[in-house]
Every structure is written in structure tokens, then in C-alpha cells.
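# Coordinate analysis (summary)
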Amino acid sequence: MGSAHLYALRSPSVVVIGAGMTGILLAIKLREAGVTNLTILEKADRLGGTWRENTYPGVACDIPAHMYTYSFEPNPEWSHRFAHGDEIQEYFERVGRKYGVTNSIHFNEAVTSCVYDAGKWTVKTSKGRLVVADFVINSTGILHHPAKPDIKGIETFGGAMFHTAEWDHQVDLRGKRVGIIGTGSTAAQVIPEVAKIAGKLSVFQRTPQWLLPLGNKDVSEREKEKLRKNPIKLLRLRKFYMWAISQLLTKAVTGHKLQNVLFSTICKLNLKLSVRDRALRAKLTPNYTVGCKRIIVNTTFYPAIQRDNVELVVDRIDSINPTGIKTRDGRQHDLDVLILSTGFNPVAYMRPMEVIGRDGLHINDAWKDKIRTYRSLCMPGFPNNFLMLGPNSPIGNYSVIEMSEVQCNYILQIIERWRRAEFDAIEVTEAATRRFAETIKAGMSKTVWVGGCQSWYLDGDGDPILWPYTWDRWEREMATPEMADFTTQKFASGGSVIVPEERVAS
Ligand code: NAP
């Protein structure tokens, strides 16, 4: 039986930086929890993060669409099993509008600095605005700083050149001689589309990739109608995908032999059956364990690479010159357009923003030797400051939306304690952060990321940027804040406004 209590809950001011998938989620959940003093700052003119920025031809999500949604906002309208980028962008825009988030975002307003003092953060924006807040949450994403290759002569190229995340839609590729550097997850989606229209496409591959042949398919109107009418069916579909990915794909890369053998066999067979030319197949065969680099879910790359107008170049790039690329075998590849599908800097996180924590600690100094967080979310020296999808949160080929919901719930629990005036400032301890790093390191040896490849999954020291355990363990360990891992403080000035709020406690 429940009885009504009257609590005096404080009302914190919270700054959310970034209005991508995690920022929208936080805005919705914070407001639902009664946090109304919320400032959402977004550097661009639209919400959507990754899905706003990546507009390259073929952009899609290789996580099944019916699972790639917020748990509280399922979507029976997906047109494909793997949704296209523009449809995902529309989904986030729709959710933003529905929950009243969009009209409260400060667009075109990048955060330039966040400075902490005695329980308060002073956040400065590119428009010169100053916001003083009790909490700052960095929802700035992981893969959003395009990595441009440091190739000799790149600045001399005379044709159009752009990164996949900065696609230049003004450039007409029809009939052109196009070069693409890179063969990662993005390139595998771009290459088949460009190959359809380019006169000649040269693909510069440094390292081959393993491909899992799960094809995309339309969702028929009939199927959509069934999902609309039957939310339970939609939920079951979501649960099925979550189960399949967490129990099969995620486990395959985190030390579960049976699952790894299964995916290794499928990927190897896929290559053998898809590419009959032995010489080409040899060029496309990786020399590392399946899953060491992100497994690419794709059925269109192998057919595309075998087209008459496509050449797979495996000789290393020597230099770029005004008319194209010279490879180390001395060959010149003349190009009209050069596309850089060379990935992202995965360790920038909220930077280049200036983040200055307790006692003047700058984030660049805190992370000088190594990027360190506690449970991906908190950093010693930076009280009342959280990172969404920080280091060690990505889980191999799993939905980042699921992970973010767990993180959001964790942050809400801490803010709830602040609201009850348990503290004004909360900071994770050095010892807890060290223990977390050791736990991550300990999980590393069992993963396939040590399977003989280089990827953005590992940092400069060879330690994983990902979570090296299962999804189940992530959910379990991130469920509740371990208060012994934090120090808390109260200040004479106290927290913000007190608002009485009626709560029902059982
Ligand atoms: P990526 O996986 O880091 O691939 C970058 C590619 O560029 C690699 O083939 C790399 O070769 C090559 N490269 C980089 N620098 C080079 C140089 N100097 N010379 C020659 N080649 C060079 O980047 P991405 O394909 O953009 O994917 C990044 C991440 O985005 C993925 O892992 C995934 O998390 C996410 N993503 C997801 C989806 C999805 O459907 N969910 C789709 C696209 C991207 P090496 O392999 O030799 O380093």
C-alpha cells in the first residue's frame, strides 16, 4: 500500500550539451523526472547528431531498425529492416517534436567552455551566453570528429575532395573518376552507391574487412499495419533483436568461442561464395580474427567491388598530387573526385571544448596520459559532470540507444539524490576510477580486439575503448550508482531553488 509524503525537492539547473540521440533522451527523461530548469545547447541548426551529419549515399544503420529506437517510443513505421539515415533522422525529429524538446533547444550555439567552482558549472557558448548550472551532461557523441588522413600532398589535390561525414552534395559523381580511401563500415555502404554512377571507381584499401551477409529488406505495408495494430508484436520483435545481438554478435567478440566460431564461419563462407575470382578474394581476405575490427553487416559491397568500373587498389598510397593518387608501386591513379572514408577521431569526446574542473584541472591535463572515466560516465576532478556514451560504453555491434537509456537512468538517480539535498557536489574517487580501468583491462585479453588488427576499438596503449564484456553485465553494473565510489560535498550557499513536490512513496 502506498502513502503520500511531502518532500522538499530541490530543483537543479542542468545543461545538456548536444541534441543528438542522447541529448534528446536526457531532455525527455529529465523533464519527466521533474527537472525543468534545463538548457540544451546544440552547435548545429538541427537536432540528430550522427544522423544529421552523415548524409552520404547509402547511409543506413546496421542495427535492426525495430531495435534502434528509444524503448518508450517504438516505431512501427520503419520502411526497411535496416533503416536508412534520413528515416532515422526523421524519427529523432518526430520524437523531439512530440516531447516538446525541439522548441527548447538553443541551436547554432556551441559550448566553448565549462568551468567548475564550488558546486556550480559556468557554461559559456559561442554566442557569449553564460549559463550557471548545477550539472553539466556532455551528450556530444563519440564518432563526430572526422579523421582526415595525413597523406603527403593531400592539400594539392585539384579535384573535389571531402570526408564521408561532410558529403558535398553539389559534386556530381556521374561518369567521374572517383577514388575512395578506406573500406570500413561507412565505405562498405558508400562504395555500392558510388559504383552505380561513377565512370570509374578506385577503392584504396589498407586493410580488408570481414562482412556478415545480413541483407536489407523492405517492411511491407501489411507488416507495418500488423505492427501498428499490435504493440506487443512490435515489442517482441525488438526483444528478439536485442536477444539475438546481445547473445550472438556481442558475445562473439567478447570471448565466447561458440559464437565466434559461428560468425567466423559465416563471414569466411560469405567471402568465398561471393567472390569467385581467387586473386581478388585473396586481396579481400583479412588476416585477423573475425570481429577484431567492427563486423560489417552488408550484402552489397562484394558485388560492387566486382563491377567492371570498380578497381580494388591494395598497393599502399604513396602520395596525393593535383591529378590523383600515386601508389607505392609507382602507379598514378587519375581522379576527378576523392572521397575520404577514413573514419573518426574516437577519443576527442566533448573536446575541443575547454572543460575545467575542480582546482583548475583542465580536461586535456586530466586525459594527458590516458582517457579515464568511471563507468564511462564520470571523471575524477570533474564533479557534477557526466559523459553520455563515454569511453568503454560502446558494445560491439549493439544499439547505442539501449546503452544510453541505462546511462540516463544512472545519471537521474544521482540527480535525484542531489534533489533530496544529500549533497551539492558529487565526484567519483581516483581509486574507483582506477578499479574501473583495471576491470576494463582484465576483460581485454578474452576479446577478439586483440585478434591481430588495428582499429578505433583500441586506444594508443592498445586498451579497449569499448566495453569488453557482455550487454547483460553492462546493464547489471550500470544499474545503480555505487555511492561508496563517490565523495560528496555540501556548500554553505547550498543548491538552487527549493520546490515542494508531492511524491508517493510505498
Ligand atoms: P573506420 O571503420 O575507422 O574505417 C576507416 C577506414 O579508412 C579503414 O578502412 C582505414 O584503414 C582507412 N584509413 C584510415 N586512414 C587511412 C590512410 N591514411 N590511408 C589509407 N586508409 C586509411 O571508419 P568508418 O567506416 O567511418 O566507421 C567508423 C565507425 O562508425 C564504425 O566502426 C561504426 O561504429 C560507425 N558506423 C556505423 C554504421 C552502422 O551502420 N551502424 C555505419 C557506418 C559507420 P585501416 O582499416 O587499415 O585502418
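One structure accompanies this document, and this report is about it. Since this is a predicted model, take the numbers as computed values, not measurements. (Residues numbered from 1 in each chain as written. Predicted model: local features only at pLDDT ≥ 70, side-chain atom pairs only at ≥ 80, totals over all residues. Heavy atoms only, no water.)

Taken together, the neighbourhood of the ligand is formed by 22 residues, with Asp-62, Thr-186, Thr-207, Lys-293 and Trp-456 sitting nearest. The separation between an oxygen atom of the ligand and a polar main-chain atom of Asp-62 is 2.9 Å. Within the side chain of Lys-293, one N or O atom sits 2.5 Å away from an oxygen atom of the ligand. Alone, the ligand offers 920 Å² of accessible surface; in the complex the protein occludes 82% of this. The element best represented in the shell around the ligand is helix H4 (residues 185-197), accounting for 3 residues. Of the residues that constitute the shell around the ligand, the class distribution is 8 nonpolar, 10 polar and 4 charged. (Near = heavy atom within 4 Å. Polar contact = N/O pair within 3.5 Å; in protein donor to acceptor, adjacent residues only side chain to side chain. Areas by Shrake-Rupley, 256 points an atom, 1.4 Å probe, with all protein chains shown as cover. Helix = DSSP H or I, 4+ residues; strand = E, 2+ residues; numbered from the N terminus. Nonpolar A, V, L, I, M, F, W, Y, C, P; charged D, E, K, R; others polar.)

Turning to the sheet that holds strand S15 (residues 317-321), a few remarks are in order. Backbone hydrogen bonds are what pair the strands of a sheet, in a parallel or an antiparallel way. Pairing within the open sheet is antiparallel, and its 3 strands lie in the order S15-S16-S17. Both edges of this open sheet fall to S15 and strand S17 (332-334), since each of them pairs with a single strand only. Across the sheet, the mean angle separating the axes of adjacent strands is 20 degrees when strand polarity is ignored. One ladder, built from 4 bridges, connects S15 with strand S16 (residues 324-327); its direction is antiparallel. Paired with Ser-319 across the strands is Lys-326, a residue of S16. (Pairing = 2+ DSSP bridges. Axes fitted to C-alpha atoms, helices over the stretch in contact; angles between N-to-C directions.)

It is worth spelling out the nonpolar core at this point. Leu-30, Phe-92, Val-194 and Leu-201 are the most contacted members of the largest nonpolar core, which totals 138 residues. The element contributing the most residues to this core is helix H11 (residues 400-419), with 10 residues. Mapped onto the domain boundaries, this core takes at least three residues apiece from domain 1 (2-47 + 101-145 + 345-505) and domain 2 (154-223 + 261-340). Among all residues touching Leu-201, those that are not within four sequence positions of it are Val-178, Ile-180, Ile-191, Val-194, Ala-195, Asn-309, Val-310 and Glu-311. (Core = buried A, V, L, I, M, F, W, Y, C linked by side-chain atoms within 4.5 Å. Buried < 20%, exposed > 50% of the residue type's maximum accessible area, 1.4 Å probe, protein only. Domains from an automatic or database assignment. Contact = heavy atoms within 4.5 Å.)

The axis of H4 is deflected most strongly, by about 30 degrees, at Ile-191, and proline Pro-192 appears within four residues downstream. For H4, the full list of buried residues reads Thr-186, Ala-187, Ala-188, Gln-189, Val-190, Ile-191, Pro-192, Val-194 and Ala-195. Buried residues belonging to H4 abut strand S10 (177-181), strand S11 (200-204), strand S13 (296-297), helix H9 (301-305), strand S14 (310-313) and strand S18 (337-340). (Bend = angle between axes of the 7 residues up to and from the residue.)

Tallied over the entire structure, the rule returns 1 disulfide. Across the disulfide from Cys-292 sits Cys-453; the S-S distance is 2.1 Å. Here Cys-292 and Cys-453 share a disulfide; its torsion about the S-S bond, -95 degrees, makes the bridge left-handed. Highlighted residues: Cys-292 in the loop between helix H8 (278-284) and S13 and Cys-453 in the loop between helix H12 (430-444) and helix H13 (471-477), separated in sequence by 161 residues. For the pair Cys-292 and Cys-453, one class covers both residues: buried. (Disulfide = S-S within 2.5 Å.)

A word on the sheet that holds strand S5 (residues 111-117). If you trace the 4 strands from one edge of the open sheet to the other, you get S7-S6-S5-S19, paired in mixed fashion. Each of the sheet's edge strands pairs with one partner strand only, and the pair in question is strand S7 (130-133) and strand S19 (354-356). Adjacent strand axes in the sheet meet at a mean angle of 15 degrees when their direction is disregarded. Bridge count for S5 against S19 is 3 bridges, and the pairing is parallel. Following the sheet pairing, Val-115 is matched in S19 by Ile-356.

Our focus in this paragraph is the pattern of salt bridges. One pass over the structure, following the stated rule, counts 34 salt bridges. With a closest N to O distance of 3.0 Å, Glu-73 and Lys-98 form a salt bridge. With Glu-73 in the loop between helix H2 (50-53) and helix H3 (85-98) and Lys-98 in helix H3, this residue pair connects regions lying 25 residues apart in the sequence. Glu-73 sits in the buried class, given a relative accessible area of 12%. The class of Lys-98 is exposed, set by a relative accessible area of 56%. Linking Arg-228 and Glu-77 is a salt bridge whose minimum nitrogen-to-oxygen distance equals 2.8 Å. Of this pair, Arg-228 sits in helix H5 (residues 221-229) while Glu-77 sits in the loop between H2 and H3, and the two are 151 residues apart along the sequence. Members of the salt-bridge network, linked through shared partners, are Glu-77, Glu-221, Lys-224, Glu-225, Arg-228 and Lys-229. (Salt bridge = Lys/Arg side-chain N within 4 Å of Asp/Glu carboxyl O.)

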